[in-house]
Amino acid sequence: MKIYREKDYEAISLRAANILTAQLVLKQNSVLGLATGSSPIGTYKKLVENYKAGEISFRDVRTVNLDEYKGLKDSDPNSYHYFMQENLFSHIDIDPENVHLLSGVAEDSDLECEKYERMIRAIGGIDMQLLGIGRNGHIGFNEPDSSFTVNTHVVDLTESTIEANSRLFDDISQVPRQALSMGIGTIMHAKRILLIANGESKADAIAKVVAGPVTPEVPGSILQLHPDVTIVADDKALSKL
Ligand code: F6R
């Protein structure tokens, strides 16, 4: 694992955007695995700046997102479809055909997950996967469990995740209880992984991910077994290492 210690969120965002930019310079038609949540917003902003400065184009890029809430339509402002449009896709030259997200309203969610898994394989797998980390160590929506779930699947969200994510909803009762998420295997098959974390609330998770035992109780700990992981974090997130 390579760890970059940055002074604040701004610096994390700049570093992460530069790493993603370098990935696109290296391979123009990369498959990027993308995340939502608070962590990557600054990274996407810097990526858009790099695009507007003419440093990169997304014309040949394909994207696959980690997850989506079950039950939310693409047009719902709390959906991850909406988040991605707002924070990245509507600002860049990506072909909408090349953007892939799980549908929260598929009639058969299990089939949706199977199709998603097959699609990722069919487009050649993920070149670089961007990740945030949950306070409980989750990656994607792979929550602490007694075993690692390999493939894309439907997840019951834990109370701690529902509570952490309720800040973005009017009321905690509106937070969906389930999501569709790439599995641990889907994430681990990415050729390169870039994890970003900021703030005190991530310190426990980062310490366990980097230096704790590899266990499904801390899903992110499996990243210790991946050959190409870069963590970009601030002092606070690294304070318990
Ligand atoms: C988002 C995702 C989640 C978040 C994690 C951290 O697509 O899969 O694992 O990365 O919950 O969220 P933030 O960045 O909001 O702290």
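Residues numbered from 1 in each chain as written. Predicted model: local features only at pLDDT ≥ 70, side-chain atom pairs only at ≥ 80, totals over all residues. Heavy atoms only, no water.

A. Region of the structure containing the site of the ligand. If you check the shell around the ligand, you find 14 residues, and the closest are S39, D67, H138, G140 and K202. H138 places a polar side-chain atom, nitrogen or oxygen, 2.7 Å from an oxygen atom of the ligand. Contacts to the ligand include R167, whose side-chain N or O atom sits 2.9 Å from an oxygen atom. When the free accessible area of the ligand is taken as 410 Å², the share hidden by the protein chains comes to 92%. Of the residues that constitute the shell around the ligand, the class distribution is 3 nonpolar, 8 polar and 3 charged. (Near = heavy atom within 4 Å. Polar contact = N/O pair within 3.5 Å; in protein donor to acceptor, adjacent residues only side chain to side chain. Areas by Shrake-Rupley, 256 points an atom, 1.4 Å probe, with all protein chains shown as cover. Nonpolar A, V, L, I, M, F, W, Y, C, P; charged D, E, K, R; others polar.)

B. Spotlight on the sheet that holds strand β9 (residues 192–197). Overall, parallel pairing links the 7 strands, which are arranged β1-β10-β9-β6-β2-β3-β5 in an open sheet. Of all the strands in the sheet, the pair left with one neighbour each is β1 (2–6) and β5 (99–100). Note: strand β3 (residues 62–65) against β5, 2 bridges, orientation parallel. Bridge assignment links V64 to a residue of β5, and that residue is H100. (Pairing = 2+ DSSP bridges. Helix = DSSP H or I, 4+ residues; strand = E, 2+ residues; numbered from the N terminus.)

C. Inspection of the sheet that holds strand β8 (residues 178–181) at higher detail. The antiparallel open sheet is built from 3 strands, whose spatial order is β4-β8-β7. Looking along the sheet, the strands with just one partner apiece sit at the ends: β4 (67–69) and β7 (153–156). Geometrically, the sheet is characterised by an average inter-axis angle of 25 degrees between neighbouring strands, direction not taken into account. Of the pairings in the sheet, the one linking β7 to β8 comprises 4 bridges and is antiparallel in character. Bridge pairing in β8 links V154 to L180. Lying on the sheet, helix α4 (residues 109–122) is in contact with β7 and β8; it crosses β7 at an angle near 125 degrees. (Axes fitted to C-alpha atoms, helices over the stretch in contact; angles between N-to-C directions. Contact = heavy atoms within 4.5 Å.)

D. Region of the structure containing the pattern of salt bridges. Summed over the entire model, instances satisfying the criterion amount to 9 salt bridges. Its salt-bridge partner being E10, residue K46 comes within 2.6 Å of it at the nearest N-O pair. Here K46 is found in helix α2 (residues 41–52), whereas its partner E10 is found in helix α1 (residues 9–26), with 36 residues between them in sequence. Under the relative-accessibility criterion, K46 is labelled buried at 14%. With a shortest N-O distance of 3.4 Å, E117 and R121 are connected by a salt bridge. On the criterion of helical spacing, the pair formed by E117 and R121 is a turn pair, its members being 4 residues apart in helix α4. Classification of E117 by relative accessible area gives buried; the value is 9%. Within this structure, K27, D127 and K191 form a network of salt bridges that share partners. (Salt bridge = Lys/Arg side-chain N within 4 Å of Asp/Glu carboxyl O. Buried < 20%, exposed > 50% of the residue type's maximum accessible area, 1.4 Å probe, protein only.)

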